[in-house]
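What follows is the residue order along each chain.
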Amino acid sequence: MPAPRWTPPASSDVEVAVFRRLIGDEGRAVLAGLPTYDGERALAVAEALRRAGVDPDLAAAALTQHRLRARAQGKFGPLADQLWFTATGLEQATRAVVADRHAQRFAGVGGRRVLDLCCGIGGDLLALAGLGLPEVVGVERDPMAAAVAVANVAVLGRPGVEVRCEDLRGTSLAGVDGVFVDPARRGPGGRALDPGAWSPPYDMVLGLAEQVPATGAKLAPGIAHHRLPAGAEAEWVSDGGDVVECALWCGPLSTGVARRATLLPSGATLTGDGSRTGEVGAVGRYLVEPDGAVIRAGLVAEAAELLDGRLLDATIAYVTTDRGDLAAATPFGTAYEVIDVMPFSIKGLRTLLRHRGVGRLTVKKRGTAVTPEELRRQLRLSGNAEATVVLTRIAGAQSILLVHPLPHLDGA
């Protein structure tokens, strides 16, 4: 039985009408009069607007926008104070630094007309418009999101940008040189794990590339590797350690590699085809936990080679090496010095940590069912020192590593 295809609800005409008031002179004046956002003072600020006689609908919209702009700082930086948001639009919007990288793919292939399908509130649309292409068109079927995208384009004064409120299934691709699409991946119950339940569904996304070769798509980072089309480049991107997407680049947007892991803000990138398995060997002096983008891309073996290292276990994404210089300098993971290694034993670990006076414990785990909370409860530590332990498998055996963070050599 095919998976249901979820269609996100459209916003109401009332919502759009209130938003248009918000971006007008009246709404801007209300926003300008609000103090720096403080969640603990939100009720007091709302009460002040009520006493001032501000229309309740406009006041609610202004307060919501005020809160969203504060939340948006992490994705859009100082620009967030000028842009407009919806709660759903902000959650789904591409981070500015990632959107800029998307746009650069299209800058490299030329063309005059690029479509941003499912453009939402315009995160990627603004980045594409910044390329100075003759024509950039955003397509969004939700009226509220489309209205916000129009307002954001106006904020930045991007010429040659059009926003259409329509279903992409009715959008003509004639004369289009490039397409970017960001399907909605949430349904009524939360994240839609089945790509067939995305909106538009994954098969429709792949079909776009058959019509416009220069097609890029923002996919969920957890997409199964076997679902990726042959000949395309899949790029897993992390920002500050958070894996934010798997970008699919088709036709001339691909650089010719099958898989890529890109780490921001450094821009470090690792490529491969995912076919390597990596050597498994004894624990060395250093342990490296690969970045999530490297793991999702299936490029842990490639990272191990750069570290002159090996895997602790064929199925576990931990790399060990004796090269401290390489471990400290790698941009592809977090490095630790290994202090001690022991078979998994609560009693043995408790004895070791109490001997060291450890009371605050950081627990990292991979390949074990033990939870950090459960482990701390069983250990009953009370010292003043801090320590980090890694619960994992070494050549199939449940083990514990006592480690110490290794300072990173910036610029190495």
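Everything that follows concerns the structure shown earlier in this document.
Residues numbered from 1 in each chain as written. Predicted model: local features only at pLDDT ≥ 70, side-chain atom pairs only at ≥ 80, totals over all residues. Heavy atoms only, no water.

1. Side note on the overall build of the protein
For the record, the criterion: Helix and strand definitions here come from DSSP, where helices need a minimum of 4 consecutive H or I residues and strands a minimum of 2 consecutive E residues; each element is numbered from the N-terminal end. To sort residues, take the accessible area from a 1.4 Å probe on protein chains only and compare it with the maximum for the residue type: under 20% means buried, over 50% means exposed, and anything in between is partly exposed. Any two residues whose heavy atoms approach within 4.5 Å are treated as being in contact. Per-residue accessibility takes into account occlusion by the displayed protein chains alone, with areas from the Shrake-Rupley method and a 1.4 Å probe. Here Asp and Glu are counted as negative and Lys and Arg as positive; His is not counted, and neither are the chain ends. The atom standing in for a charge is NZ when the residue is Lys, CZ when it is Arg, CG when it is Asp and CD when it is Glu.
Scanning the protein from terminus to terminus reveals 15 helices and 18 strands. For the protein, the spread of C-alpha atoms along the principal axes amounts to about 65 × 55 × 50 Å. Going through the 412 residues of the protein one by one, you find that 48% of them count as buried. Counting contacts in the protein only where the partners sit at least 6 residues apart, residues at least 24 apart contribute 70% of the total. Summing over all exposed atoms, the protein offers an accessible surface of approximately 19300 Å²; the carbon and sulfur share of this is 52%. Here the protein contributes 44 positively and 46 negatively charged side chains, and the mean placements of these two sets differ by 6 Å.

2. A look at the pattern of salt bridges
Counted only if it meets this: Criterion for a salt bridge: a side-chain nitrogen of Lys or Arg within 4 Å of a carboxyl oxygen of Asp or Glu.
Tallied over the entire structure, the rule returns 24 salt bridges. A salt bridge links E135 to R113, with the nearest nitrogen and oxygen atoms 3.0 Å apart. Linking E135 in strand 2 (residues 135-139) with R113 in strand 1 (residues 113-117), this pair joins segments that are 22 residues apart in sequence. A relative accessible area of 14% means that R113 is categorised as buried. Two residues, K218 and D182, come together in a salt bridge whose shortest N-O distance is 3.8 Å. Here D182 lies in the loop between strand 4 (178-181) and strand 5 (186-187) and K218 lies in strand 7 (residues 215-219), a separation of 36 residues in the sequence. Here K218 and D182 have matching classes, each one buried.

3. Section: the state of the cysteines
Formally: Counting rule for disulfides: a pair of cysteine sulfur atoms within 2.5 Å.
Under the defined criterion, the tally for this structure stands at 0 disulfides. With no disulfide of its own, C118 lies closest to C119 among cysteine sulfurs, the gap being 8.3 Å.

4. Remarks on the packing of helix 14 (residues 346-355) against helix 15 (residues 372-379)
Just so we agree on the cut-off: Interaxial angles span 0 to 180 degrees and are taken between N-to-C directions of axes, which are lines fitted to C-alpha atoms, for helices over the stretch in contact. Working definition: roughly parallel below 35 degrees, roughly antiparallel above 145 degrees, roughly perpendicular at 65 to 115 degrees, and oblique for all remaining angles. Put simply, a crossing is left-handed when the front helix is turned counterclockwise from the back one by less than a right angle, and right-handed when it is turned clockwise. Any residue outside Ala, Val, Leu, Ile, Met, Phe, Trp, Tyr, Cys, Pro, Asp, Glu, Lys and Arg is labelled polar, Gly included; the first ten of those are nonpolar and the last four are charged.
Where helix 14 meets helix 15, the closest approach of the two axes is 10 Å, and the angle between their N-to-C directions is 70°. If you check the angle between helix 14 and helix 15, you find them roughly perpendicular. Pair helix 14 / helix 15 crosses with right-handed handedness. Residues I346, L349, R350, L353 and R354 of helix 14 form the contact with helix 15, whose own contacting residues are L375, Q378 and L379. Taken together, the residues of the contact of helix 14 with helix 15 sort by class into 5 nonpolar, 1 polar and 2 charged.

5. Describing unusual backbone geometry
Of the consecutive residues S199 and P200, the connecting peptide bond is found in the cis state with omega at 0°. The residue after L264, namely P265, is reached through a cis peptide bond having omega 10°. Relative to the helices and strands, P265 is located in the loop between strand 10 (259-264) and strand 11 (268-272). Here C118, not a glycine, exhibits a phi torsion of approximately 60°, which is positive. The topology assignment puts C118 in the loop between strand 1 and helix 8 (123-129). Even without glycine at this site, D308 takes up a positive phi of about 55°. Overall, D308 belongs to the partly exposed group, its relative accessible area being 47%.

6. As for the nonpolar core
For clarity, the threshold we go by: We define a nonpolar core as any set of buried Ala, Val, Leu, Ile, Met, Phe, Trp, Tyr and Cys residues linked to one another through side-chain atoms lying within 4.5 Å.
In terms of nonpolar packing, the biggest core is built from 47 residues, with L117, V179, Y202, L219, L228, L248 and V294 touching the most fellow members. Counting residues per element, this core draws most heavily on helix 10 (residues 202-211), which supplies 4 residues. Setting aside its immediate chain neighbours within four residues, V179 contacts F106, L115, L117, L173, L208, V212, A214, T215 and G216. The next biggest cluster of nonpolar side chains, apart from the first, holds 46 residues, and it includes W84, I121, L128 and V148.

7. Digging into the sheet that holds strand 2
Short version of the rule: Only strands joined by at least two bridges in the DSSP assignment are considered to pair.
Strands sit in the order 3-2-1-4-7-9-8-10-11 across an open sheet of 9 strands; the sheet is mixed. Edge strands, defined here as strands with exactly one partner in the open sheet, are strand 3 (161-164) and strand 11. Adjacent strand axes in the sheet meet at a mean angle of 15° when their direction is disregarded. Of the strands in this sheet, strand 1, strand 4, strand 7, strand 8 (233-239), strand 9 (242-249) and strand 10 are in contact with helix 7 (residues 96-107), which crosses strand 9 at around 15°. Contacts between helix 10 and the sheet are confined to strand 1, strand 4, strand 7 and strand 9, with strand 7 contributing the most and set at about 160° to the helix.

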